[in-house]
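The residues making up each chain are set out below.
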Amino acid sequence: MLGLLADRLYMHPRLLLFVLLVPPFLWIGVLYLGSLFLFLSHAFFRIDDFTGQIQYRPTLQTLGAVLTTPANLDIVLRTLAMAVLTTLACMVLALPVAVYVSFHTQGLQRLIWLLLIVLPLWSSYLIRVYSGKLILAQEGILAWVAGRLGLEGVLASLLSTPLLGGPSLSSSYFGLLLVFTYIWLPYMILPVQNALDRVPKNLLQAASDLGATPWLAFRTVVLPLAVPGLAAGSIFTFSLTLGDYIIPTLLGPPGYFVGQMVYIQQGTAGDLPLAAAFSLVPVALVAVYLRLARKLGAFENL
Amino acid sequence: MQSRSASAPILREKSLEAVRLDKVGMRYGRVVALESISFSVQEGEFFSLLGPSGSGKTTTLRLIAGFDRPSSGKVYLFGQDATHVPPYRRAVNTVFQDYALFPHMNVRDNVAYPLLIRKVPRTERYRKAEEMLALVKLEGFGDRRISQLSGGQKQRVALARALILKPRVLLLDEPLGALDLKLRQEMQVELKRLQQLLGITFIYVTHDQGEALSMSDRVAVFSRGRIEQIAPPKELYYRPRTQFVAEFVGGANVLVVGGKRFALRPERIRVVKPSEGILGRVEAASFVGYGNQVEVRLGDGTLIRVLMAGDSVFTPGDEVGLAWDADALWPLEE
């Protein structure tokens, strides 16, 4: 009976494909796209100011409110700036790690490195954010170590930088950036390392044989070949930062981020259309980012 | 038999030393890759490093290129100690076994890469790259991506890239290993032409003795991290120093006569009537294109390979006699 089924499926590969693909298609189609569509479509409705009920008449008024109200625009720009900075910081930190793991480790040593890179993902995200907060707090470990090393001056001048600074690391944009970078770093390292893994190791030897110093070899060979990985990683770090609402709630200065607005508007405020309009912002920004990356040739060497 | 003076014509007496290795040893942990080898290569010479895989020939090439530092001994380039000079400061370029072309650049940018590193302006860079592409017969291929090239074309691009700086020494690591037979033969002629045209020293790593013999001025035969013999091709073939060279380079038979070893070339053996020579029994006979190869087992168990011109009339089991001239036996060192 089972053999007969196997024969049938083997002879009809399309049938097999159909059987295999139906569950994931249902999942993606109904649960993922369906709920996303239902939610996002609310951005084109508005809430009645008196009754607090959603008026199901298409309008651009809610979207307009996000982009024209100075307070809302502020939130969008703040979130965008943080996402860009986090992505850049992740790139800078991920490259050396990825180059090292990809070019200089093998076997067990490589396994240990990969384990260390993903180890933070084993613990709860909330725990990690809180530990970040503990480290950065005014009375936290970092401030204590800085004090012991006589580096209070450095910390103070860091905290007194306009915009990024604040009363303490955990309540400043700088601290927020540190935690965002820490939380999303694995998502940058892994794609970059994966991209570099596919680079034949003798390309570096060829470069040095042809006269390139290690720095020039890095710039002309390693970096261009890491770009697809950097692009893939940055999609993670960029969109995850754009959408996150927990980290800016627990850390940093009082100003809101897009994710928090989505949370507040659909929850406490009960303004589902405005929440939907806010959640369209990351989608639009990621789309713009992808276009830009493609224009710069980030996906040419995939 | 060749005379002792069968030295390559390209070796002028006053020629300069391009590369010299002085008691160079290489260990990776407990593994000894090179024991303690010494040799020197003259400028303009076509010098081959021949040996089976794992014999140390590629290790030697990497030491000359500068990718590795020797565990002991010194590497001299043009008379100067270069043992601790990094590869990017050596006037030596390499053609890699799998070409090592940059996949994110087109053919022109690959060839022009060494000039980019030296900050040569773009127009000058591309003009020279086109010249090099013409030299390796790849005109008009500049805009192609590396992934669009065949193996033979990649080989030529790698060659053009390694030659654009006009290095005084070109290192080639089994450059033809990945090509099919016909292309390989074409490229052999091509490489020899380029070497003579440019007057560059070639140091050529190969495991193919035919390739080494047909192209080289001199060949160093490697076995287990040692050099067995360094000699011009004809001398290697006709006057092997050791059993390894006799068997690996010429496929010679090795006979023990009176406790001493002798090399006996397959084509110098005649098959005669059983009564007129040393008695043996045919084990196998096969057609090899340019003749027939017959394997004969002697009474003492030695297997002798005989190469015969023309048709073989033997079948396994036949009793035959083997004969050769006295000067066909070449004494080997123990």
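Rules used throughout
- Residues numbered from 1 in each chain as written.
- Chains lettered and ligands numbered in written order.
- Predicted model: local features only at pLDDT ≥ 70, side-chain atom pairs only at ≥ 80, totals over all residues.
- Heavy atoms only, no water.
- Helix = DSSP H or I, 4+ residues; strand = E, 2+ residues; numbered from the N terminus.
- Buried < 20%, exposed > 50% of the residue type's maximum accessible area, 1.4 Å probe, protein only.
- Contact = heavy atoms within 4.5 Å.
- Areas by Shrake-Rupley, 256 points an atom, 1.4 Å probe, with all protein chains shown as cover.
- Lys, Arg positive; Asp, Glu negative; His and termini not counted.
- Charge placed at Lys NZ, Arg CZ, Asp CG, Glu CD.
- UniProt positions renumbered as here; feature names shortened; annotations may be inferred.
- Domains from an automatic or database assignment.
- Phe/Tyr/Trp six-rings, centres within 6.5 Å; stacked < 30°, edge-to-face > 60°.
- Lys NZ or Arg CZ within 6 Å of the ring centre and 35° of its normal.
- Buried area = accessible area lost by both parts, 1.4 Å probe.
- Salt bridge = Lys/Arg side-chain N within 4 Å of Asp/Glu carboxyl O.
- Polar contact = N/O pair within 3.5 Å; in protein donor to acceptor, adjacent residues only side chain to side chain.
- Nonpolar A, V, L, I, M, F, W, Y, C, P; charged D, E, K, R; others polar.
- Axes fitted to C-alpha atoms, helices over the stretch in contact; angles between N-to-C directions.
- Parallel < 35°, antiparallel > 145°, perpendicular 65-115°, else oblique.
- Left-handed = near helix turned anticlockwise from the far one by under 90°.
- Core = buried A, V, L, I, M, F, W, Y, C linked by side-chain atoms within 4.5 Å.
- Pairing = 2+ DSSP bridges.
- Patch = residues over 30% accessible without salt bridge, like charges linked within 9 Å, V, L, I, M, F, W, Y side chains within 5 Å.

Asks: Lay out the overall build of chain B in plain terms, naming residues and giving numbers.
Replies: Within chain B, the secondary structure is distributed over eight helices and 18 strands. Its C-alpha atoms give chain B principal-axis dimensions of about 80 × 45 × 40 Å. For chain B, with 334 residues in total, the buried portion stands at 51%. Pairs at least 24 apart in sequence give 64% of the contacts found in chain B among residues at least 6 apart. As presented, chain B carries roughly 15,700 Å² of accessible surface, and 50% of it is formed by carbon and sulfur atoms. Taking the average location of the 47 positive side-chain charges in chain B and that of its 38 negative ones, the two points are 8 Å from each other.

Asks: How would you sum up the UniProt feature "domain: ABC transmembrane type-1" (unreviewed entry) in chain A? Please name residues and give values.
Replies: In the numbering used here, UniProt assigns the "domain: ABC transmembrane type-1" (unreviewed entry) feature to residues 76–293 of chain A. Annotated as residues 76–293 of chain A, this span is 77% helix and 0% strand, and its ends, taken at the C-alpha atoms, are 21 Å apart.

Asks: Now, about the UniProt feature "domain: ABC transporter" (unreviewed entry) in chain B: what can you tell me, with residues and values included?
Replies: Taking the numbering used here, the UniProt-annotated feature "domain: ABC transporter" (unreviewed entry) corresponds to residues 19–249 of chain B. Across residues 19–249 of chain B, the secondary structure splits into 37% helix and 27% strand, with the terminal C-alpha atoms separated by 24 Å.

Asks: Residues and numbers for the domain arrangement of chain B, please.
Replies: When its domains are assigned, chain B resolves into domain 1 (17–237) and domain 2 (252–331). For domain 1 of chain B and domain 2 of chain B, the distance between their C-alpha centroids amounts to 39 Å.

Asks: An account of the packing of aromatic side chains is requested, with residue identities and associated values reported.
Replies: Under the criterion given, the structure shown has 16 aromatic pairs over all chains. Seen in terms of ring centroids, Phe-45 of chain A and Tyr-56 of chain A are 5.0 Å apart; in terms of plane orientation they differ by 75°. Their pairing is edge-to-face. Of this pair, Phe-45 of chain A sits in the loop between helix H2 (13–41) and strand S1 (46–47) while Tyr-56 of chain A sits in the loop between strand S2 (54–55) and helix H3 (61–68), placing them eleven residues apart in sequence. We classify Phe-45 of chain A as buried; its relative accessible area is 17%. Through a chain of ring-to-ring contacts, the aromatic side chains of Tyr-125, Trp-184, Tyr-187 and Phe-236 of chain A assemble into a single cluster. Lying across the ring of Tyr-126 of chain B, Arg-108 of chain B places its NZ or CZ 5.5 Å from the centre.

Asks: Describe in detail the UniProt feature "transmembrane region" (unreviewed entry) in chain A, supporting the description with residues and values.
Replies: Residue and element names in this part refer to chain A. UniProt's entry tags residues 15–40, 75–99, 111–129, 141–161, 173–196, 216–238, 245–266 and 272–292 with the feature "transmembrane region" (unreviewed entry), counted in the numbering of this structure. Helix makes up 100% of residues 173–196 and strand makes up 0%, while its end C-alpha atoms are separated by 32 Å. Secondary structure over residues 245–266 splits into 59% helix and 0% strand, and the C-alpha atoms at its two ends are 13 Å apart.

Asks: Quick one: what's the story with the interface of chain B and chain A, residue by residue and with numbers?
Replies: With 25 residues of chain B at the contact, the number on the chain A side is 19 residues. Here chain B packs against chain A, burying approximately 1,800 Å² in sum over the two surfaces, 62% of which is carbon and sulfur. The largest per-residue losses of area from chain B upon contact with chain A belong to Tyr-88, His-104 and Ile-117 of chain B, which jointly make up 32% of the total buried on that side. Across the chain B-chain A interface, the total number found is zero salt bridges. Where chain B touches chain A, the interface holds eight residue pairs in polar contact (both at pLDDT 80 or more). Counting residues per element, the side of chain B that touches chain A draws most heavily on helix H2 (residues 107–117) of chain B, which supplies four residues. Considered class by class, the residues forming the side of chain B that touches chain A number 17 nonpolar, three polar and five charged.

Asks: Tell me about the packing of helix H11 (residues 214–243) of chain A against helix H14 (residues 272–295) of chain A, residues and numbers included.
Replies: Residues and elements named next belong to chain A. For the pair H11 and H14, interaxial distance at closest approach is 10 Å and the crossing angle is 160°. As judged from the angle between their axes, H11 and H14 are roughly antiparallel. Where H11 crosses over H14, the two elements pack in a sense that is right-handed. Within the contact between the two elements, H11 uses Ser-234, Ile-235, Phe-238, Ser-239 and Leu-242 and H14 uses Pro-282, Leu-285, Val-286, Tyr-289 and Leu-290.

Asks: With reference to specific residues and values, describe the nonpolar core.
Replies: Ranked by internal contacts, the top residues of the largest apolar core, which has 78 residues, are Leu-196 of chain A together with Val-19, Phe-39, Leu-49, Phe-102, Tyr-113 and Ile-203 of chain B. For this core, the leading source of residues is helix H9 (residues 173–197) of chain A, giving twelve residues. If we ignore the near neighbours within four places in the chain, the residues touching Tyr-113 of chain B are Ala-207, Leu-210, Ala-212, Leu-216, Ala-217, Thr-220 and Val-221 of chain A together with Phe-102 and Met-105 of chain B. Within the second largest apolar cluster, 36 residues are counted, among which are Ala-112, Val-136, Leu-159 and Tyr-204 of chain B.

Asks: Give a detailed account of the sheet that holds strand S5 (residues 80–81) of chain B, specifying residues and quantitative values.
Replies: Residues and elements named next belong to chain B. A sheet is described by the order of its strands in space; here four strands give the open sequence S2-S1-S4-S5, paired in antiparallel fashion. Single-partner strands in this sheet number two, and they are strand S2 (31–42) and S5. With eight bridges joining them, strand S1 (residues 17–28) and S2 adopt antiparallel strand pairing. Paired with Arg-27 across the strands is Val-32, a residue of S2.

Asks: Hey, could you go over the sheet that holds strand S3 (residues 46–50) of chain B for me, with residue numbers and the actual values?
Replies: Two pairing modes exist for strands in a sheet, parallel and antiparallel, and in both the strands are linked by backbone hydrogen bonds. Residues and elements named next belong to chain B. The six strands are arranged S6-S7-S8-S3-S9-S10 in an open sheet whose pairing can be described as mixed. Only two strands of the sheet have a single partner each, and these edge strands are strand S6 (92–95) and strand S10 (226–231). On average, adjacent strands in this sheet sit at an angle of 20° to one another, irrespective of strand direction. Sheet analysis places S3 next to strand S8 (residues 201–206), joined by five bridges and oriented parallel. Note that in S8 the partner of Leu-49 across the bridge is Val-205.

Asks: Describe in detail a nonpolar patch on the surface, supporting the description with residues and values.
Replies: Nonpolar side chains collect at one region of the surface, where Leu-15, Phe-18, Val-19, Val-22, Leu-26, Trp-27, Ile-28, Val-30, Leu-31, Tyr-32, Leu-33 and Leu-36 of chain A lie side by side and expose about 1,200 Å² of accessible area between them. Tracing the sequence through the fold places Val-30 of chain A in helix H2.

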